[in-house]
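Now for the letters of each chain:
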Amino acid sequence: MSSQKLASRVKDLHPSAIRELLKHSKMEGVISLGGGIPNPQLFDTEGLQIALDRVMSSDVNEAFQYGISEGIPALREAICGIVADRSIHCSADSVLITSGSQQSLDILARALINPGDVIVVERPTYLAALQVFQLAEASLESVSTDGEGMNVDELEALVQRQRIKAVYIVPTFGNPGGVTLSEPRRKQLVELSKRHDFLIIEDDPYSEINFSNTQFKTLRGYAEECDNLDNVIYTSTFSKILAPGARVGWLIVPDWLKQAVVNLKQATDLHTSTLSQSLTLHYLQTGRLPAQLELIRASYKEKCDVLCHELEKELGDRLSFHRPLGGMFLWATFKEEFDTTLWLSKTLEHGVVYVPGEFFYCSEPNRSTLRLSYASVSNEGLREAVARLKAALP
Ligand SMILES: Cc1ncc(COP(=O)(O)O)c(C=O)c1O
């Protein structure tokens, strides 16, 4: 069999369970709370057109030519401005452009993980990060989360028992958990990393989608305060605030890691599409991003409010959840023993789908959980979706 020729680490790599399960979600009449994609109706098509015109009129040489692996310098400079509002003070030199955060994670995994190295993730965690770490043959451990995000006391107990290489965390408006690490726990986590000398990979695609005026300081920001910059790596992306199809994200890395990341980036794809980078840069220069963010925040907040209200009213006796403070996801748990993977075929009959929670665990999944995304469904659609979920209950 030719498949025996596959590398052993690839043999265990399965297609995303979510994609398989949600194949049906495009069926006529089905309301999908499953997809994790931004609402395309909110794309700033006018702004993107202006940016594209400017690329074509003033930047053709750079946008259609090979570029340097670190990324276009002016874009790296612009990103320093964006992250300054996220309590990160860095020079363009430490910003490296990637083809989205997913690539950031892949490059980091290859740069940092030797087979068997222990990587600690949240319970639940971002599914595609699990895939990347498994491909790198990491040994995965997980720590529980509650309404204040990762339980850092539990992590502390773990690091006292065994040596770990890194913690991977989505601390702000997380995917899939929809929870946000509290300020005391942020500080505690960064101090713990300093004391026990492990890395923190901070994945931050959602912090701009904030439903309130409360700002959460990034872990990278805390690292500046407590002199732990060598241990904290930050990645973010334009996917959720501009357009995921552009595939532009970035890494902010400590000096000791920079050359290795650049070497890996070269070996992977030479550089991120110069056309996409140039488009993104020109978009930022239009000055339209702040208004665009306002639009996304207001729309997702309203949808989140509708979903929370309907869930409480219609299913509050069966389901519990933490109200998201931002982002795109709500994580719910049945109060009784329940298998949400089995339930999916039933809800599909009623014309509504979600993502069963079990896929977001590296081991011992809690099968009574589910992830609901409100970002791309109309308010009316959300009300109807909850009614259908209720009708599908056993
Ligand atoms: C937590 C998390 N990290 C990374 C990504 C990948 O984002 P990008 O489109 O920048 O590759 C996603 C996308 O859904 C995500 O939710």
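Refer to the structure printed above.
Analysis parameters
Residues numbered from 1 in each chain as written. Predicted model: local features only at pLDDT ≥ 70, side-chain atom pairs only at ≥ 80, totals over all residues. Heavy atoms only, no water. Axes fitted to C-alpha atoms, helices over the stretch in contact; angles between N-to-C directions. Helix = DSSP H or I, 4+ residues; strand = E, 2+ residues; numbered from the N terminus. Parallel < 35°, antiparallel > 145°, perpendicular 65-115°, else oblique. Contact = heavy atoms within 4.5 Å. Salt bridge = Lys/Arg side-chain N within 4 Å of Asp/Glu carboxyl O. Buried < 20%, exposed > 50% of the residue type's maximum accessible area, 1.4 Å probe, protein only. Near = heavy atom within 4 Å. Polar contact = N/O pair within 3.5 Å; in protein donor to acceptor, adjacent residues only side chain to side chain. Areas by Shrake-Rupley, 256 points an atom, 1.4 Å probe, with all protein chains shown as cover. Core = buried A, V, L, I, M, F, W, Y, C linked by side-chain atoms within 4.5 Å. Domains from an automatic or database assignment. Pairing = 2+ DSSP bridges. Patch = residues over 30% accessible without salt bridge, like charges linked within 9 Å, V, L, I, M, F, W, Y side chains within 5 Å.

**Student:** Quick question: what am I supposed to make of the packing of helix α8 (residues 152-161) against helix α9 (residues 183-196) here?
**Tutor:** Contact pair α8 / α9: the axes reach a minimum separation of 10 Å and the direction vectors enclose 10 degrees. Taken together, α8 and α9 sit at an angle that is classed as roughly parallel. Along its contact with α8, which presents V152, D153, L155, E156, V159 and Q160, the element α9 presents R185, Q188, L189, L192, R195 and H196.

**Student:** Explain the pattern of salt bridges here, please?
**Tutor:** Should the charged atoms of two oppositely charged side chains come close, the side chains can pair. Under the counting rule described, the total for this entry stands at 25 salt bridges. For R288, the salt bridge is made with E46, and the minimal N-O distance between the two is 3.6 Å. In this pair, R288 is assigned in the loop between α12 (274-286) and α13 (289-315) and E46 in helix α3 (residues 45-58), connecting sequence segments 242 residues apart. With relative accessibility at 53%, the residue E46 sits in the exposed group. Ionic pairing is found between E208 and R297, a salt bridge with its closest N-O pair at 3.6 Å. Of this pair, E208 sits in the loop between β7 (199-203) and α10 (219-225) while R297 is found in helix α13, placing the two residues 89 residues apart along the sequence.

**Student:** Is there a simple way to think about the site of the ligand in this case?
**Tutor:** Around the ligand sit 14 residues, and of these S101, D203, Y206, T237 and S239 come closest. Contact distances for the ligand include 2.8 Å between an oxygen atom and a side-chain N or O atom of N175. Burial of the ligand by the protein chains amounts to 92% of its free accessible area of 400 Å².

**Student:** How should I be thinking about the nonpolar core in this particular structure?
**Tutor:** Side chains of a nonpolar character, in soluble globular proteins, are inclined to be buried together. With 41 residues, the main nonpolar core has Y300, L311, L330 and W343 as its most contacted residues. Of all the secondary structure elements, the ones that give two or more residues to this core are α13, β10 (319-321), β11 (329-334), α14 (340-349), β12 (352-353), β14 (369-373) and α15 (379-391). Per-element accounting of this core gives the leading share, 8 residues, to α13. Both domains that meet at this core, namely domain 1 (10-44 + 291-391) and domain 2 (46-286), each give it at least three residues. In this structure, W343 is in contact with F334, F338, Y354, L370, L389, A392, L393 and P394, ignoring residues within four places of it in sequence. In terms of nonpolar packing, the next biggest core, distinct from the first, is built from 28 residues, L96, L108, A166 and L257 among them.

**Student:** Which parts of the structure should I look at to understand the environment of H350?
**Tutor:** With respect to the element layout, H350 can be found in the loop between α14 and β12. In this structure the C-alpha to C-alpha distance between H350 and V30, which are 320 residues apart in sequence, comes to 8.2 Å. Not counting residues within four places of it along the chain, the set of residues in contact with H350 comprises R388, A391 and A392. At 3.4 Å, the side chain of H350 forms a polar contact with the backbone oxygen of A391.

**Student:** What should I look at first to understand the sheet that holds strand β2 (residues 95-98) in this one?
**Tutor:** Strand pairing within a sheet occurs via backbone hydrogen bonds; the two strands may be parallel or antiparallel. With respect to topology, 8 strands assemble into an open sheet ordered β2-β9-β8-β7-β6-β3-β4-β5, the strand pairing being mixed. At either end of the open sheet lies a strand with only one pairing partner, and these are β2 and β5 (149-150). Across 4 bridges, strand β6 (residues 166-169) lies against β7 in parallel orientation. When the bridges of β7 are listed, A166 appears paired with L199. Packing of helix α5 (residues 73-84) onto the sheet brings it into contact with β2, β8 (232-237) and β9 (249-252), and relative to β2 it is tilted by some 110 degrees. The strands that α8 touches are β3 (118-123), β4 (139-146), β5 and β6; relative to β4, the one it contacts most, it runs at about 150 degrees.

**Student:** Honestly, a nonpolar patch on the surface in this entry has me stumped. Any pointers?
**Tutor:** Taken together, the side chains of L52, M56, V60, F64 and L275 present a nonpolar region at the surface, about 420 Å² in accessible area. Counting through the fold element by element, V60 comes out in helix α4 (residues 60-63).

**Student:** How should the pairing of β11 be read in this particular structure?
**Tutor:** In the case of a regular strand, side chains alternate between the two sheet surfaces. Of all 6 residues making up β11, 5 are buried, and the element is well covered by its neighbours. Of the pairings in the sheet, the one linking β10 to β11 comprises 3 bridges and is antiparallel in character. In the strand pairing of β11, L319 is matched with F334. As paired elements, β11 and β14 share 5 bridges and run antiparallel to each other. Opposite F329, over in β14, you have S373 as the bridge partner.

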